[in-house]
Amino acid sequence: MIDKKHIGKVFPLHTVEVEKSALRLFAKVIGETDPVYTDESAAHAAGHRSLLAPPTFLFGLEMSRPNAFAWLYEIGANPARILHGEQSFAYRATVCAGDVITFETHLADIYDKKNGALEFILRKSRATNQDGQHVADLATLVAHRNT
Amino acid sequence: MTPLAMSSLDYSRIDVGEALPDLVLPPVDRTVLALFAGASGDHHPIHIDVDYARRAGMPDVFAHGMLVMAWLGRLITQWTPQRHLRELNARFLGITHLGHIITCSGKVTEKLEQGSEKLLRIEIRSTNQYGETKILGDALVAL
């Protein structure tokens, strides 16, 4: 069982730049063809500072830490036993290429179901940009299989 | 219901129950999983390394939930510009396996006003070719 003392655990701050090449690759792989995601002139024409980051791009950006799975070992979870249960994004401002995003992440909850056969870990992140503007909130519910 | 037109949306003319145009994706294969791992930053080996997946008790690698959620994001942004999107929420109900052909669909379930904004809540869903729902969620869009 994962010790509930880890509720409130704060992750190291993670600051990362949104790169044009990363946005273009992400758009290509998910099949996104709207040029606001890949072509700067189209992004400017649509009123954006640069290429627009798609709605779910922040999830992987948050994971682009030096060791994205270290926190699981730290709380006694096994990355081979996790499944993504739920994911939420709340948006407050657009994120574009060239932005530098800082993620403040913590473990908001740990609870179990089915007499401990399944445990759930709720991780929340607040994302701000280089101007200190709050751009989004992310919530990730991870399910951990114990059987 | 007839899918709504892709041109600018008029809040007053959208009714609860109206459907967004579906988004149908190519079959999930190993290539897209490998590319998505690299492109998204989610390098969990269970999606790209069959040996790891089998040791973890899975029959094979399987799709990142976030790949399918990215497609659900496209469902919304092909319908209305992303700057209108306020929330995107997903519950992963089942694993999307290799060979699954996913259709993303959405329908308006609520019209609401918060502060000065007129909002639509849209139920979003991904379904495979066997009719199994893999993701159920909602989006909140301001018009």
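Residues numbered from 1 in each chain as written. Chains lettered and ligands numbered in written order. Predicted model: local features only at pLDDT ≥ 70, side-chain atom pairs only at ≥ 80, totals over all residues.

Peer 1: Can you walk me through the nonpolar core in this structure?
Peer 2: Considering soluble globular proteins, one finds that nonpolar side chains tend to be buried as a cluster. Among the nonpolar cores identified, the biggest contains 62 residues, and Leu-23 and Leu-58 of chain A together with Trp-71, Leu-72 and Leu-75 of chain B are the most heavily contacted of them. Sort the elements by how many residues they give to this core and helix α3 (residues 65-77) of chain B lands first, with 9 residues. The contact partners of Leu-58 of chain A, leaving out residues within four places of it in the chain, are Ala-53, Phe-89, Val-95, Ala-127, Ala-136 and Leu-138 of chain A. Grouped together as the second largest cluster of nonpolar side chains are 6 residues, Ile-2, Leu-107, Ile-110 and Ile-121 of chain A included. (Core = buried A, V, L, I, M, F, W, Y, C linked by C-beta atoms within 7 Å. Buried ≥ 20, exposed ≤ 12 C-beta atoms within 10 Å, placed from the backbone. Helix = DSSP H or I, 4+ residues; strand = E, 2+ residues; numbered from the N terminus. Contact = placed C-beta atoms within 7 Å.)

Peer 1: What exactly am I supposed to notice about the sheet that holds strand β3 (residues 100-113) of chain A here?
Peer 2: Sheet strands pair by backbone hydrogen bonding; their relative direction is either parallel or antiparallel. Sheet architecture is open: 10 strands sit in the order β1(A)-β3(A)-β4(A)-β5(A)-β2(A)-β2(B)-β5(B)-β4(B)-β3(B)-β1(B), paired in antiparallel fashion. Strands at the two margins of the open sheet, each flanked by one partner only, are β1 (14-17) of chain A together with β1 (23-24) of chain B. Strand direction decides the pairing type here: strand β2 (residues 82-91) of chain A and strand β2 (residues 85-92) of chain B, joined by 5 bridges, are antiparallel. Residue pairing for β2 of chain B: Glu-86 of chain A is matched across the bridge by Arg-91 of chain B. The strands that α3 of chain B touches are β2 of chain A together with β1, β2, β3 (103-114), β4 (117-127) and β5 (133-142) of chain B; relative to β5 of chain B, the one it contacts most, it runs at about 40°. (Pairing = 2+ DSSP bridges. Axes fitted to C-alpha atoms, helices over the stretch in contact; angles between N-to-C directions.)

Peer 1: Whenever I open this one, unusual backbone geometry confuses me. Can you help?
Peer 2: With the exception of glycine, the majority of residues adopt a negative phi angle, and the majority of peptide bonds are in the trans configuration. All names here are of chain A. Positioned with a positive phi, Lys-114 is a non-glycine residue whose angle comes to about 55°. In this structure, Asn-115 takes a positive phi of about 55° despite not being glycine. With respect to the helices and strands, the residue Asn-115 is situated in the loop between β3 and β4 (118-128). For Asn-115, a count of 7 C-beta atoms within 10 Å corresponds to the exposed category.

Peer 1: Would you mind showing me how to read the pairing of strand β5 (residues 134-145) of chain A here?
Peer 2: Regular strands place their side chains on alternate faces of the sheet. Residue and element names in this part refer to chain A. Of the pairings in the sheet, the one linking β2 to β5 comprises 9 bridges and is antiparallel in character. Within the sheet, the bridge partner assigned to His-84 lies in β5 and is Val-142. Bridging between β4 and β5 involves 11 bridges; their strand directions are antiparallel. Bridge pairing links Leu-118 to Arg-145 in β5. Between β4 and β5, which pair antiparallel in sequence order, lie 5 residues; one of them, Gly-132, sits at a positive phi of approximately 80°.

Peer 1: What is the right way to read helix α1 (residues 20-30) of chain A from this model?
Peer 2: Each turn of an α-helix holds 3.6 residues, which means side chains three or four residues apart point in the same direction. All of the buried residues in α1 of chain A are Ala-22, Leu-23, Phe-26, Ala-27, Val-29 and Ile-30 of chain A. Looking straight down α1 of chain A, one finds that the buried residues subtend no more than 165° of arc, so they occupy a single side. Packed against the buried residues of α1 of chain A are α3 (57-63) of chain A together with α1 (30-40) and α3 of chain B. A positive backbone phi angle near 80° is found at Gly-31 of chain A, which sits one or two residues after α1 of chain A. (Arc of directions from axis to C-beta.)

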